[in-house]
Amino acid sequence: MRFYFTDLRKSLDFYSGILGMTARNAGCTGMARPCFIVNDHQQIQLSEVVSATPANLLAEIAFATTDVARMHSYLLAHNVAVGPVTRDISGVAHFLLRDPEGNPIAFVQLHPRSVFTAPAEQISTRMLHAGFIVKDRAAEDRFYRDLLGFRMYWHGGFKDAGNDWWEIQVPDGTDWIEYMLNIPSKADQKERGIQNHFSFAVEQIKPAVARLRAHGLKTSDEPEIGRDGKWSFDIYDPDLTRVEFMEFKPAQPPCCNPYTASHPVQ
């Protein structure tokens, strides 16, 4: 995941101080920007806003593949406009493209896993999902589900008959992306920060919240069980991007619709 930031000091204080991650270069794809390693195959990168603040602070979602050249050829064969395969300064092969709604995504060559030991202060070592605003669910499904093979995990809404959240898992794992549906086109930065978000997994939400507060998080909010039946807790980075903490499995049946795929595990 890559996000835009406007104040490096505040962002470093948040990601290092509150979330307990260490800013580093070694082991990160790129290395030309601030980076935080979540685990041996997930990372969060930050990109500085250099002019007007963009409408969406979600700069990029990257997916790992075991064969980036083959993935590139596959997408070209299906008439998807993709950028060239290049290597970053770490030597990692990748290419860029945009999904049907213009969201920037990347495919990165899955490199041999390096040994990564998270610092004791790090609240979570697993990103579960990325959520982003979607206007045309059918168009996105043709790309992510029909072409790439993502599969349904869960969907639901504020009302039992509604569809405000559409969650689809990657083809060979339990991580997922989440379409954030029915968002007004004139949504302001705060609302877009709520919707364009990412989620960390924790075994138990209440001890995780206690640790966040011990790291200096100032909030009177409390964890709650969401419509998906899972305990969760939301905080926000200095640019109002939502960072969600969520337990791996639901504590109770979800509203609206049952889960249709396996839950993630530690």
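Residue indices begin from 1 for each chain and proceed along its sequence in written order. Local features in this predicted model are restricted to residues of pLDDT 70 or higher, and side-chain atom pairs are both shown and tallied only at a pLDDT of 80 or more, whereas totals for entire chains, interfaces and linings draw on every residue. The side-chain figures draw on all heavy atoms in the structure; neither hydrogens nor water molecules are used.

**A look at unusual backbone geometry**
Residues other than glycine seldom take positive phi values, yet asparagine 79 does so here, at roughly 60 degrees. Partly exposed describes any residue whose relative accessible area lies between the buried limit of under 20% and the exposed limit of over 50%, with all areas from a 1.4 Å probe on protein chains only and scaled to the type maximum. Asparagine 79 gets classed as exposed once you look at its relative accessible area, which sits at 75%. With phi around 70 degrees, cysteine 256 is a residue other than glycine that occupies positive phi space. Here a helix means four or more residues in a row that DSSP labels H or I, a strand means two or more in a row labelled E, and each is numbered from the N terminus. Considering the arrangement of structural elements, one finds cysteine 256 in the segment after strand E15 (242–247).

**Things to note about the pairing of strand E9 (residues 151–156)**
Of all the six residues making up E9, five are buried; the element is thus mostly covered by neighbouring parts of the structure. A pair of strands is labelled paired if DSSP reports no fewer than 2 bridges between them. As defined by bridge partners, E9 adjoins strand E10 (residues 165–169) across five bridges and the pair is classed as antiparallel. Paired with tryptophan 154 across the two strands is glutamate 167, which belongs to E10.

**Observations regarding the sheet that holds E15**
Strand order in this open sheet of eight strands is E9-E10-E11-E8-E12-E15-E14-E13, and the pairing throughout is mixed. Because the sheet does not close on itself, it has two edges, and the strands there are E9 and strand E13 (224–225). Pairing between E13 and strand E14 (residues 231–236): two bridges, direction antiparallel. Each bridged residue has a counterpart across the sheet, and for isoleucine 225 the counterpart in E14 is tryptophan 231. We call two residues contacting when some pair of their heavy atoms lies within 4.5 Å. To get an axis, a line is fitted to the C-alpha atoms, and for a helix only the part in contact is used. The angle between two axes follows their N-to-C directions and goes from 0 to 180 degrees. Contacts between helix H5 (residues 205–214) and the sheet are confined to strand E12 (197–202), E14 and E15, with E14 contributing the most and set at about 20 degrees to the helix.

Fair warning: the whole summary comes from geometry, so function is off the table for now.
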